[in-house]
Amino acid sequence: MLAQSPCAEVTRCSCGHIHLAVGPVTLRLEEDVLRALGHTLLEAIQQLEAPAPHAHGASDDRWKQ
């Protein structure tokens, strides 16, 4: 076990791959891909935390879950 939280779990298997489990989905990654994914997720979080410029009267056509 490398890391665990209520929403995800990261483990290293005997073959050397990293397993990233999020809910019912598990991704098998090489270590360098995990690092790159981590950087991408951090960048996304920074963008979410940055104040978003919003033009007056512009519609928000983004997909919402």
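Right, let's walk through the structure included here. (Residues numbered from 1 in each chain as written. Predicted model: local features only at pLDDT ≥ 70, side-chain atom pairs only at ≥ 80, totals over all residues. Heavy atoms only, no water.)

### A word on the sheet that holds strand 1 (residues 3-4)
Threshold: Here, a strand pair is defined by DSSP locating no fewer than two bridges between the strands. Helical segments are the DSSP runs of H or I of at least four residues, strand segments are the runs of E of at least two, and each set is numbered from the N terminus. When checking whether two residues touch, look at their non-hydrogen atoms; a contact exists if any pair is within 4.5 Å. For helices, the fitted axis covers only the stretch in contact; all axes are lines through C-alpha atoms, and the angles between them, taken along N-to-C directions, range from 0 to 180 degrees.
With antiparallel pairing, 4 strands are arranged side by side in an open sheet as 1-2-3-4. Every interior strand has two partners, whereas the edge strands, strand 1 and strand 4 (25-29), have only one. Bridge count for strand 1 against strand 2 (residues 8-12) is 2 bridges, and the pairing is antiparallel. Bridged to Ala-3 within strand 2 is Val-10. Seen against the sheet, helix 1 (residues 31-49) touches strand 2, strand 3 (18-22) and strand 4 and runs at an angle of roughly 120° to strand 4.

### Here's the deal with the pairing of strand 2
Taking the residues between adjacent antiparallel strands as the criterion, strand 1 and strand 2 are bridged by 3 residues. Pairing analysis gives 5 bridges linking strand 2 to strand 3, with the strands arranged antiparallel. Pairing of Arg-12 across the sheet is with Ile-18, part of strand 3.

### Some points on the pairing of strand 4
Summarising the sheet, strand 3 and strand 4 pair through 5 bridges and their orientation is antiparallel. From the neighbouring strand, His-19 faces strand 4, where its bridge partner is Arg-28. Where strand 3 hands over to strand 4, the hairpin turn is made up of 2 residues, of which Gly-23 adopts a positive phi near 60°.

### A closer look at the environment of Arg-12
Counted only if it meets this: Identification of polar contacts relies on pairs of N or O atoms within 3.5 Å, with a donor-acceptor requirement for protein atoms, meaning one able to donate a hydrogen and the other able to accept it, and with residues adjacent in sequence counted only if both atoms are side-chain atoms.
Tracing the backbone shows Arg-12 in strand 2. Here the alpha-carbon distance between Arg-12 and Glu-30, two residues 18 residues apart in the chain, equals 9.7 Å. In this structure, Arg-12 is in contact with Leu-2, His-17, Ile-18 and Glu-31, ignoring residues within four places of it in sequence. A distance of 3.5 Å separates the side chain of Arg-12 from the side chain of Glu-31, its partner in a polar contact.

Bear in mind that shape data such as this cannot, by itself, settle questions of function.
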